Amino acid sequence: MSDKYNPYNNFLSVLKRAAQAVGLHENDYAALCYPERELKVSVPVRMDNGSVRIFEGYRVQHSTSRGPAKGGIRFHPDVNIDEVKALAAWMSLKCAVVNIPYGGAKGGVCVDPSTLSAAERERLTRRYTAMILPIIGPEKDIPAPDVGTNAQVMDWIMDTYSMMNGYTIHGVVTGKDPEVGGSVGRTEATGRGVMIVTLEVLRQTGQDPKKVTVAVQGMGNVGCTAAVLLHEKGCRIVAVSDVSGGLRCESGLDIPAIAAYVKKGGLLKDYDAPDVHHISNDELLTGACDILIPAALENQITASVAERLQAKLIIEAANGPTTVEADAVLEKRGIPVFPDILANAGGVVVSYFEWVQNLQELTWEEKDVNDTLKRVMVRAFNEVMEKSKKFSVNYRLAAYAVAVERICTAKKKRGIFP
Ligand code: GLU
């Protein structure tokens, strides 16, 4: 991986600029440059054909200054230690921006889950859980879904951890199915948070959702939910994409039909409907729209994409979709970016609600989950806007600044052991 696209370098460079912008001394934030703990594991899995394959996995705990470490587990062929370190660091910042009492962590296994049978996926999940078991737990580090994992994978993690301890421990992981301690509203929470932030941007800039056009990169859980909810609010979704390709329709795509199609496992390259054109990933990112929502992987909006894109603003549903160079281009062009650690925090916020429900052995109604999520997201949004105004910095630097100040304050109050 070139240094330019190393997501951990991206994190470090933004961290430094944000700390400088708000006058933090290097001593204050030095510890944030280094993850507290990195675990690398080899995960042997017996495949259905009787062979044994060894997969490489990680769990990185970036910070526990504000509470237990928290963050998802990714199953993807591009998973590597620098990516997991960056994703863990962004979790620390994300939890601090929305002010929930967690630090940050992330885990991952280098695997293409689509090539595994359900039984292989289960064995991989259970053995990976056993390998990271010494450092996870409801008071220590709480995993959750990310790219390539889902509620079923979380259910297996919960069961494996519980079996190893001899009793059911719901709070070890969030994003479970509701039947086994999951929170209602958790699956949709990240996409719902993206919708809440988008509507808040429109409200505060006096725009009518029914008059804006939106392009969404990625039709996974987050992109798909965001598209569905924004469509319900009246936005015209003119373009969407998945790994196989993109679709575009000037009069607006039939999002409920597309959502049903991708949920059944359909690839967009094979999707067919009147007035719908097939487009490339580059065309999705640079095509005409008011709002661009990257909801796939890191480093999608490069400097070259940033020079050419036509969106008037960007809402980051993915983690780290914009490179540092692209940020500079967008700033020069006056295109605001509502950053990942704010815009996609809805998932971890409802993870927090799930964990709270698990610790108290009670369940919330969906309305309470969604209303409380909205309150937390809008509060965080306004705090980031204020910080941006106060220090005349872009929203990414402002969000980092809010987060870094909170983490550094917690660090200072706790002091250094021993
Ligand atoms: N993987 C999600 C994220 O990147 C959710 C993490 C969580 O709920 O702990 O924010």
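This structure is a prediction, so every number in the text was calculated from the model and none was measured.

J.: Even after reading the chapter, I still don't get the state of the cysteines, so can you show me in this structure?
T.: Linking two cysteines covalently through their sulfur atoms gives a disulfide. Within the structure shown, the criterion is met by 0 disulfides. Summary of cysteine pairing: Cys-224 is not part of a disulfide, and the nearest cysteine sulfur, belonging to Cys-235, is at 15 Å. Overall, Cys-224 belongs to the buried group, its relative accessible area being 4%. Free cysteine Cys-289: the closest other cysteine sulfur is in Cys-235, separated by 12 Å.

J.: What am I meant to see in helix α3 (residues 81-97) here?
T.: Think of an α-helix as 3.6 residues a turn; residues three or four steps apart then line up on the same face. Taking 1.5 Å as the rise per residue, α3 with 17 residues should run 24 Å; its terminal C-alpha atoms sit 24 Å apart, in good agreement. Counting buried positions along α3 gives 15 out of 17 residues, so the element sits mostly inside the fold. Sitting at the head of α3, Asn-80 places a side-chain oxygen 3.0 Å from the backbone nitrogen of Asp-82. Just past α3, the residue Asn-99 takes up positive phi, approximately 60°.

J.: What's the story with the sheet that holds strand β5 (residues 104-110) in this structure? I'm lost.
T.: Within a sheet, neighbouring strands are paired by backbone hydrogen bonds and run either parallel or antiparallel to one another. Pairing within the open sheet is mixed, and its 4 strands lie in the order β1-β2-β5-β4. Both edges of this open sheet fall to β1 (37-46) and β4 (73-76), since each of them pairs with a single strand only. For this sheet the average axis-to-axis angle between neighbouring strands, irrespective of direction, equals 20°. With 4 bridges joining them, β4 and β5 adopt parallel strand pairing. Pairing of Phe-75 across the sheet is with Val-109, part of β5.

J.: I'm lost on the pattern of salt bridges in this one. Help?
T.: Pairs may arise between side chains of opposite charge once their charged atoms sit close together. What the rule picks out here adds up to 23 salt bridges. Between Lys-412 and Asp-28 there is a salt bridge, with its nearest N and O atoms 4.0 Å apart. Here the residue Lys-412 occupies a position in helix α15 (residues 395-414), and Asp-28 occupies one in helix α2 (residues 26-29), the gap between them amounting to 384 residues. Assessed through its relative accessible area of 28%, Asp-28 is described here as partly exposed. Between Asp-290 and Lys-312 there is a salt bridge, and its shortest N-O distance comes to 2.6 Å. You can see Asp-290 sitting in the loop between α9 (281-286) and β11 (291-294) and its partner Lys-312 sitting in the loop between α10 (303-308) and β12 (313-315), a full 22 residues away along the chain.

Parameters and conventions
- Residues numbered from 1 in each chain as written.
- Predicted model: local features only at pLDDT ≥ 70, side-chain atom pairs only at ≥ 80, totals over all residues.
- Heavy atoms only, no water.
- Disulfide = S-S within 2.5 Å.
- Buried < 20%, exposed > 50% of the residue type's maximum accessible area, 1.4 Å probe, protein only.
- Helix = DSSP H or I, 4+ residues; strand = E, 2+ residues; numbered from the N terminus.
- Expected span 1.5 Å × (residues − 1).
- Polar contact = N/O pair within 3.5 Å; in protein donor to acceptor, adjacent residues only side chain to side chain.
- Pairing = 2+ DSSP bridges.
- Axes fitted to C-alpha atoms, helices over the stretch in contact; angles between N-to-C directions.
- Salt bridge = Lys/Arg side-chain N within 4 Å of Asp/Glu carboxyl O.

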